[in-house]
Structure formats: structure tokens, C-alpha cells
Amino acid sequence: MRAIAILALAAAFVACAPKPPAAGGGGGGGGDEQVETRVIEERLPDGSIKRTTVTTTRKKVEAPPPPPRPADPWPADPIVRYNVERVNQYRASRGLPALLFDAKISAFARQGSERLARDHVPHANFAEHAQGAPGFGSHSAENQGDPGGVPALEPDPARNARRQVDTMLELMWNEGPGGGHYETMVNPRMRRIGIGIVYVNGRMYMTNDFSD
């Protein structure tokens, strides 16, 4: 069996708001500030030129998380519930609260898996469409399984589905601190999860989308 690859992507959605220059001057802005200085020239009636320096400072301000709401009802597919429960078991081992199942994020995650099964390009759907998508808040992240699909691992269909999920989540978790998949799974900011699982020719394409 060939090696199984996994891929992670995270995004923070921010809103930009203007910030007036500090009184009295002195000191530069932080790394999240952008300072623009320009000179405006105005020709006066006597032919002289008046120059005015204008400084504009813009600071990135994180968009607030959405208000809390209950988990959505479980879908008919039991493997989706199994995926959520396994992620929450990993989180519980680090003392983190359980993620709530989100039907809208799951619909988006399924689109991601369907696209991965077609073009095998990791995170293409997430990168293009996650911002502003239904269900997502101010911060989101995505873990995807092997872009070539996880092959069958057991002859029994039910055992096989669980084994495929377990295999992918274990690989993600075993990256440990600093690994993108692990960091997404243990991110305390995340509160909701959506699962997209698609089978094509026996191979499982799995997407886990997270949001606050």
C-alpha cells in the first residue's frame, strides 16, 4: 500500500479598520499595522507650491467570533458522527471542550471532498470559497486526507470506514505540536466542526473543516 498523505490549511478572517495616529508622535506601529505617508502638493495663486504631508495608519482588527449556538442534528451517515466523536476524544485527552457538529460546515466540507476526488488538489475549495461561506465564523481551518484517496483497509464495509477515519486522524494527531493538522485539532478557538466524506472507487476522500 502506498504512503498516505495528509494536508492542512488554516485561515483567519480579519476586518480592517482605520486607526488615527497617536498624539505626540514617537514609536512605530506594531507588525499588524500599515502606515502610509504621502505628500500632497497644492499650487497657490502666487505660484508657490504648498506641500502637506498626510499619514494614514491602518490596523488589522480580528473579526469577532459568531455567537454560540447548539449543535445541529446528526446526519444519516454514521461515519460522520464517528469522525466527530474521534476528533473530540483526541481533544478531551488534552482537556479541551468537544467540538459541535455543524451541518452547514459539513455541506461545505463535502464539497471539498468531492472536489478533492475530482482534481486531487488539496484545499482548493477551502482556499477559494471558505471566507463568507455559511457556518464559518472569523477563524477557520481545514484538515484533508490523502489527495489520492485513502484505500480500503478492511473487507467489512463498516469496519473499513472506521479504520480509514482512524488511520487519517492518527496520522494527523501524531504530527504533534507544530504540525498543522495537530494544531488545528487542538486549537481552543475552534468550537464547531464539519465533516465531508466521499467514496470513489473504494477510496475515501475526507475533509474536516473547523471554525469558531
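Residues numbered from 1 in each chain as written. Predicted model: local features only at pLDDT ≥ 70, side-chain atom pairs only at ≥ 80, totals over all residues. Heavy atoms only, no water.

A. Representation of the overall build of the protein chain. When helices and strands are counted, the protein chain shows 5 helices and 8 strands. Along the protein chain, helices and strands appear, N-terminal first, in the series β-β-β-β-α-β-α-α-β-α-α-β-β. As displayed, the protein chain has an accessible area near 11600 Å², and 55% of this comes from carbon and sulfur atoms. (Helix = DSSP H or I, 4+ residues; strand = E, 2+ residues; numbered from the N terminus. Areas by Shrake-Rupley, 256 points an atom, 1.4 Å probe, with all protein chains shown as cover.)

B. Region of interest: the side chain of R192. Looking at where R192 falls in the secondary structure, it is placed in strand 7 (residues 192-200). We classify R192 as buried; its relative accessible area is 5%. In terms of polar contacts, R192 uses its side chain to reach the backbone carbonyl oxygen of R69, at 2.9 Å. For R192, the side chain forms a polar contact with the main-chain oxygen of P70, separated by 3.0 Å. (Buried < 20%, exposed > 50% of the residue type's maximum accessible area, 1.4 Å probe, protein only. Polar contact = N/O pair within 3.5 Å; in protein donor to acceptor, adjacent residues only side chain to side chain.)

C. Quick peek at the pattern of salt bridges. By the definition in use, this model includes 10 salt bridges. A salt bridge links R86 to D166, with the nearest nitrogen and oxygen atoms 2.9 Å apart. Of the two residues, R86 is situated in helix 1 (residues 78-92) and D166 in helix 4 (residues 157-173); the sequence distance between them amounts to 80 residues. We classify D166 as partly exposed; its relative accessible area is 21%. With a closest N to O distance of 2.6 Å, R192 and D102 form a salt bridge. One end of the pair, R192, is in strand 7; the other, D102, is in the loop between strand 5 (100-101) and helix 2 (103-119), with 90 residues separating them in the sequence. It is possible to trace a salt-bridge network through shared partners that takes in R69, D72, D102 and R192. (Salt bridge = Lys/Arg side-chain N within 4 Å of Asp/Glu carboxyl O.)

D. Highlighting the nonpolar core. If you look at the biggest cluster of nonpolar residues, it comprises 27 residues, and the most contacted ones within it are V165, L169 and M206. Of all elements in the fold, only helix 1, helix 4, helix 5 (180-185), strand 7 and strand 8 (203-211) reach the threshold of two or more residues within this core. Not counting residues up to four positions away in its chain, the partners in contact with L169 are N83, R86, V87, Y90, M185, M206 and N208. In terms of nonpolar packing, the next biggest core, distinct from the first, is built from 6 residues, I105, F126, A130 and F136 among them. (Core = buried A, V, L, I, M, F, W, Y, C linked by side-chain atoms within 4.5 Å. Contact = heavy atoms within 4.5 Å.)

E. Quick look at helix 4. For helix 4, which comprises 17 residues, the first-to-last C-alpha distance of 24 Å matches the rise-based estimate of 24 Å (1.5 Å per residue) to within 8%. Turning to helix 4, the residues buried within the fold contact helix 1, strand 6 (139-144), helix 5, strand 7 and strand 8. Here helix 4 starts with a cap whose side-chain oxygen sits 3.3 Å from the backbone nitrogen of A158, and that cap is D156. (Expected span 1.5 Å × (residues − 1).)

F. Spotlight on the environment of D212. Its place among the elements puts D212 in the segment after strand 8. Accessibility expressed as a relative area gives 2% for D212, which makes it buried. Aside from chain neighbours lying at most four places away, what touches D212 is P65, P66, G137, S138, H139, R189, M190, R191 and R192. At 2.5 Å, the side chain of D212 and the side chain of S138 are in polar contact.

G. Expanded view of the packing of helix 1 against helix 4. Contact geometry of helix 1 with helix 4 gives a least axis separation of 10 Å together with a crossing angle of 30°. Looking at the two axes, helix 1 sits roughly parallel to helix 4. Every pair of crossing elements has a handedness; the one defined by helix 1 and helix 4 is right-handed. Together, I79, Y82, N83, R86, V87 and Y90 of helix 1 and A161, R162, V165, D166, L169, E170 and W173 of helix 4 make up the contact between the two elements. Among the residues making up the contact of helix 1 with helix 4, the classes are represented as 8 nonpolar, 1 polar and 4 charged. (Axes fitted to C-alpha atoms, helices over the stretch in contact; angles between N-to-C directions. Parallel < 35°, antiparallel > 145°, perpendicular 65-115°, else oblique. Left-handed = near helix turned anticlockwise from the far one by under 90°. Nonpolar A, V, L, I, M, F, W, Y, C, P; charged D, E, K, R; others polar.)

H. Region of interest: the confidence of the model for the protein chain. Mean pLDDT over the protein chain: 84, with 82% of residues reaching 70 or higher. The model gives residues 11-31 a pLDDT under 50, and that stretch makes 30 contacts with residues more than four places away or in other chains. (pLDDT = per-residue confidence, 0-100.)

I. View of the side chain of R91. In this fold, R91 is placed in helix 1. The side chain of R91 is buried and forms no salt bridge, while E183, the nearest opposite charge, is found at 9.9 Å. Not counting residues within four places of it along the chain, the set of residues in contact with R91 comprises L96, P97, L99, M185, V186, N187 and M190. (Lys, Arg positive; Asp, Glu negative; His and termini not counted.)

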